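Single-letter residue listing:
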Amino acid sequence: MLDQLPICACGEIVRGFGRGSKELGIPTANLAHEVVKSLPAALHTGVYYGWASVNNGDVHKMVLSVGWNPFYNNKEKSVETHIMHNYNCDLYGQMLKICITGYLRPEQNFDSVEALIAVIKSDIEKAKTMLETLEHKKLQEAQFFSEEIKKC
């Protein structure tokens, strides 16, 4: 799976389960199920990191979850992207581009919301560090981010 990275995808930001900002304090931009289904089958569920851009704007660090979120017993696989930038606005309906450059860990369950939040915060810090390496930093300038958005 890791030899297939980077993987780039894009699509409209849709409403998720409403847990990221409200319950966890970690807002996410969610991609539609069609985009999730279009990702390579070899992309295992888990937590990844990379780069993200909204509406062809600046490219920011991100961490994302691909999977079923076992703590919440989701019925559908999702891609939930936490962009490390404060947009201070509602992003629903805008276009999100992501470039997945690395893998942090497999999907897992947790005993409490507090444990889940602690691991997500740790994932964010690890992603920040990894994205500073030359190998990953160069992908912030990938041509994918400068291409005009159509309907991805």
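Conventions adopted
- Residues numbered from 1 in each chain as written.
- Predicted model: local features only at pLDDT ≥ 70, side-chain atom pairs only at ≥ 80, totals over all residues.
- Heavy atoms only, no water.
- UniProt positions renumbered as here; feature names shortened; annotations may be inferred.
- Helix = DSSP H or I, 4+ residues; strand = E, 2+ residues; numbered from the N terminus.
- Rg over C-alpha atoms; globule rule 2.2 N^0.38 Å.
- Contact = heavy atoms within 4.5 Å.
- Pairing = 2+ DSSP bridges.
- Axes fitted to C-alpha atoms, helices over the stretch in contact; angles between N-to-C directions.
- Core = buried A, V, L, I, M, F, W, Y, C linked by side-chain atoms within 4.5 Å.
- Buried < 20%, exposed > 50% of the residue type's maximum accessible area, 1.4 Å probe, protein only.
- Salt bridge = Lys/Arg side-chain N within 4 Å of Asp/Glu carboxyl O.

Going by an unreviewed UniProt entry, the chain carries the name Riboflavin kinase and comes from Drosophila grimshawi. Recorded in UniProt for the chain, the comment headed Pathway (unreviewed entry) runs: "Cofactor biosynthesis; FMN biosynthesis; FMN from riboflavin (ATP route): step 1/1." UniProt's Catalytic activity (unreviewed entry) comment on the chain is quoted here verbatim: "riboflavin + ATP = FMN + ADP + H(+)".

K.L.:
Tell me what's going on with the overall build of the chain, and back it up with residues and numbers.
P.N.:
Along the chain, the regular secondary structure elements total five helices and six strands. When the elements of the chain are put in sequence order from the N terminus, they spell out β-α-β-α-β-β-β-β-α-α-α. What you see for the chain is a C-alpha radius of gyration of 14 Å, in line with the 15 Å of a compact globule of 152 residues. Taken along the three principal axes of its C-alpha coordinates, the chain extends 40 × 30 × 30 Å. Taking as baseline every contact in the chain between residues at least 6 positions apart, the subset at least 24 positions apart corresponds to 71%.

K.L.:
Which residues make up the sheet that holds strand S3 (residues 46–54), and what are the values?
P.N.:
Around the barrel, six strands lie side by side as S1-S2-S5-S4-S3-S6; this closed barrel has antiparallel pairing. Between one strand axis and the next, the sheet turns through 40° on average, direction left out of account. The sheet contact formed by S3 and strand S4 (residues 59–67) spans eight bridges and is antiparallel. Within S4, the position partnered with Gly-50 by the bridge is Met-62.

K.L.:
Pulling in residues and values, what's your account of the pairing of strand S1 (residues 7–14)?
P.N.:
The pairing of S1 with strand S6 (residues 95–106) spans six bridges and is classified as antiparallel. Pairing of Cys-10 across the sheet is with Lys-97, part of S6. Both S1 and strand S2 (residues 29–31) contribute to a ladder of two bridges, which runs antiparallel. Across the sheet, Val-14 pairs through a bridge with Asn-30, a residue of S2.

K.L.:
How would you sum up the environment of Glu-147? Please name residues and give values.
P.N.:
With respect to the helices and strands, the residue Glu-147 is situated in the segment after helix H5 (143–146). With 53 residues separating them in the primary sequence, Glu-147 and Gln-94 have C-alpha atoms 16 Å apart. Among all residues touching Glu-147, those that are not within four sequence positions of it are Asn-56 and Lys-97.

K.L.:
Outline the nonpolar core, listing residues and values.
P.N.:
The biggest cluster of nonpolar side chains holds 22 residues, and the ones touching the most others in it are Leu-43, Leu-64, Val-79, Leu-96, Ile-98 and Ile-100. The next biggest cluster of nonpolar side chains, apart from the first, holds 21 residues, and it includes Val-59, Phe-110, Ile-120 and Ala-142.

K.L.:
How would you explain the pattern of salt bridges if you had to name every residue and give the values?
P.N.:
One pass over the full model with this rule turns up three salt bridges. The residue Lys-61 makes a salt bridge to Glu-132 at a minimum N-O spacing of 2.5 Å. Of this pair, Lys-61 sits in strand S4 while Glu-132 sits in the loop between helix H3 (113–130) and helix H4 (134–137); the two residues are 71 residues apart in sequence, bridging distant segments of the chain. Exposure remark for Lys-61: the relative accessible area of 18% places this residue in the buried category. When its relative accessible area of 45% is taken as the criterion, Glu-132 is described as partly exposed. Among the salt bridges present, the one from Asp-123 reaches Arg-105, with a minimum N-O distance of 2.8 Å.

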